[in-house]
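Inside the fold
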Amino acid sequence: LDADLVTLRLAACAGEAIDPDQFTLRLDQEGRGPVCAAEAVRQRIPFHAGGFGSDPCPTCPLLSCYPKRVSVALPLIRENEVLGVLTVVHATPAGSFDAQEIKLLLELADDLAYALENVKVALENERLYSETRAKAAELGRLYAALQEMTASLLDPPALLHALARHMTEALNVTSSYVIAVDQPKGTMTTLAEYWAKDAAGAERKSDMGSVFQSRDY
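First things first, this report covers the structure right here in the doc. Numbers given for residues are sequential positions, taken from 1 along each chain in its written order. Reporting in this predicted model follows two pLDDT cut-offs: at least 70 for local features of residues, and 80 or more for side-chain atom pairs to be given and counted; totals over whole chains, interfaces and linings ignore these cut-offs and use all residues. Note that water and hydrogens are dropped before the side-chain values are worked out from all heavy atoms of the structure.

Judged by pairing direction, the sheet is antiparallel, and its 3 strands sit side by side in the order β6-β7-β8 without closing on themselves. Only two strands of the sheet have a single neighbouring strand rather than two, namely β6 (175–182) and β8 (211–213). Recorded for the sheet is a direction-independent mean angle of 35 degrees between the axes of neighbouring strands. We treat two strands as partners when DSSP finds at least two bridges between them. Secondary structure elements are taken from DSSP: a helix is a run of H or I of four residues or more, a strand is a run of E of two residues or more, and numbering for both begins at the N terminus. As defined by bridge partners, strand β7 (residues 187–195) adjoins β8 across 3 bridges and the pair is classed as antiparallel. Of the residues in β8, the one forming a bridge with Met188 is Phe212. To get an axis, fit a line to the C-alpha atoms, keeping to the stretch in contact for a helix; angles then go from 0 to 180 degrees between the N-to-C directions.

The structure is reproduced here in structure tokens:
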């Protein structure tokens with residue numbers, strides 16, 4: 001079950017090769033794909049299909065090849081949250097699920113739900129750790145930039161050059177410019193510039209001290 005809590009998609013399968021797209025469905029759209037899986041999630045109980053009488057899963061992707069197949073779909077639930085669904089199929093007409101098999105499948109579904117919960121927690125922890133490291137690195141760069149710029153307070157050109165360089169590195173761009181705008185005169189003057197190593201040749205043409213007419217931009 002995707003994070004949107006609506007989309008069910010095939011995560012793994014065993015046995016005959018199948019088309020994953022045929023086993024992708026939305027819970028807000030009824031009568032499409034493997035209905036047994038959708039109903040198991042909606043009702044939060046095992047759902048049986050096939051074997052006898054009218055088939056409750058007429059849109060099953062396996063129905064055309066195995067019209068007598070019998071299947072059971074079991075929701076994977078942890079802490080009252082549906083994480084997915086386990087579907088097991090008997091393709092042969094003689095196939096069936098007795099009480100002992102259902103009991104074993106329920107235990108397997110519970111174990112799978114526990115494993116999925118652990119994977120989900122591990123992925124979330126990894127995401128939070130990565131975000132924390134990225135934020136710490138960013139704070140470190142900002143602190144270093146602040147120290148360097150503070151040391152250049154008495155040297156305005158050096159201060160502006162440091163600002164352009166740190167902007168280029170922080171934003172991961174190829175060049176940055178500090179431009180003074182004189183609105184009464186309608187002009188713009190380049191006060192500082194910095195090029196990263198990946199800057200294009202056109203970017204490396206210095207505009208330091210150049211005055212441009214604002215109306216041209």
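That was the structure; now back to the text.
Moving on to the pattern of salt bridges. Opposite charge on two side chains makes pairing possible when the charged atoms of those side chains draw close. Here, a salt bridge means any side-chain nitrogen of Lys or Arg that lies within 4 Å of a carboxyl oxygen of Asp or Glu. In the structure shown here, the tally under the stated rule is 8 salt bridges. Taking the shortest distance from any N to any O, the salt bridge between Arg26 and Asp28 comes out at 2.9 Å. With relative accessibility at 32%, the residue Arg26 sits in the partly exposed group. Linking Arg78 and Glu117 is a salt bridge whose minimum nitrogen-to-oxygen distance equals 3.2 Å. You can see Arg78 sitting in strand β4 (residues 70–78) and its partner Glu117 sitting in helix α2 (residues 99–151), a full 39 residues away along the chain. In terms of burial, Arg78 and Glu117 fall into one category: buried. Three exposure classes are used, based on accessible area relative to the maximum for each residue type with a 1.4 Å probe and protein chains only: buried under 20%, partly exposed in between, and exposed over 50%.

On the secondary structure map, Arg141 appears in helix α2. Looking at Arg141, the relative accessible area reads 45%, which means it is partly exposed. Taking C-alpha positions, Arg141 is 45 Å from Thr24, a pair spaced 117 residues apart along the chain.

Between the rings of Phe, Tyr and Trp (Trp by its six-membered ring), a pair exists once the centres lie within 6.5 Å; its type follows the angle of the planes, with under 30 degrees stacked, over 60 edge-to-face, and the other angles tilted. Summed over the entire model, instances satisfying the criterion amount to 1 aromatic pair. Ring geometry for Phe212 versus Tyr217: centroids 5.9 Å apart, planes at 85 degrees, classification edge-to-face. Since its relative accessible area comes to 67%, Tyr217 is described here as exposed.

For the rest of this paragraph, the subject is the layout of surface pockets. Using only the protein atoms, space was sampled on a 1 Å grid; points where a 1.4 Å probe fits but cannot get out form cavities, open sets with protein on both sides within 12 Å along at least five of seven lines form pockets, and lining residues are those with an atom within 4 Å of a point. Grid points are joined across faces, edges and corners, and a volume is the space filled by probe spheres set on the points. In this structure, the largest pocket occupies an estimated 1,300 Å³ of space. Around the largest pocket sit 44 residues that line it, and Arg9, Leu10, Ala11, Ala12 and Val85 are the ones nearest its centre. The set of elements that each furnish at least two residues to the lining of the largest pocket consists of α1 (35–43), β4, β5 (81–90) and α2. The greatest single-element share of the lining of the largest pocket, amounting to 9 residues, is contributed by β5. Residue polarity is assigned by list, with Asp, Glu, Lys and Arg as charged and Ala, Val, Leu, Ile, Met, Phe, Trp, Tyr, Cys and Pro as nonpolar; anything else, Gly included, falls into the polar class. A class-by-class count of the residues in the lining of the largest pocket yields 32 nonpolar, 5 polar and 7 charged. Volume-wise, the second largest pocket comes out at about 210 Å³. Taken together, Glu138, Arg141, Leu142, Ala145, Met149, Leu163, His166, Met167, Glu169, Ala170 and Leu171 make up the lining of the second largest pocket. Among the elements that take part in the lining of the second largest pocket, helix α3 (residues 156–171) stands out by supplying 6 residues, more than any other. The residue inventory of the lining of the second largest pocket, partitioned by class, reads 7 nonpolar, 1 polar and 3 charged.

Contact geometry of α2 with α3 gives a least axis separation of 8 Å together with a crossing angle of 165 degrees. With respect to α3, the element α2 is oriented roughly antiparallel. When you trace α2 past α3, the crossing you get is right-handed. Mapping the contact onto sequence places Ala145, Glu148 and Met149 in α2 and Leu159, Ala162, Leu163, Arg165 and His166 in α3. Here the residues of the contact of α2 with α3 are counted per class, giving 5 nonpolar, 1 polar and 2 charged. In these notes the angle categories are as follows: under 35 degrees is roughly parallel, over 145 is roughly antiparallel, 65 to 115 is roughly perpendicular, and the rest is oblique. By convention, the crossing between two helices is left-handed when the near helix turns anticlockwise from the far helix through less than a right angle, and right-handed when the turn is clockwise. The contact criterion used throughout is that any non-hydrogen atoms of two residues lie within 4.5 Å.

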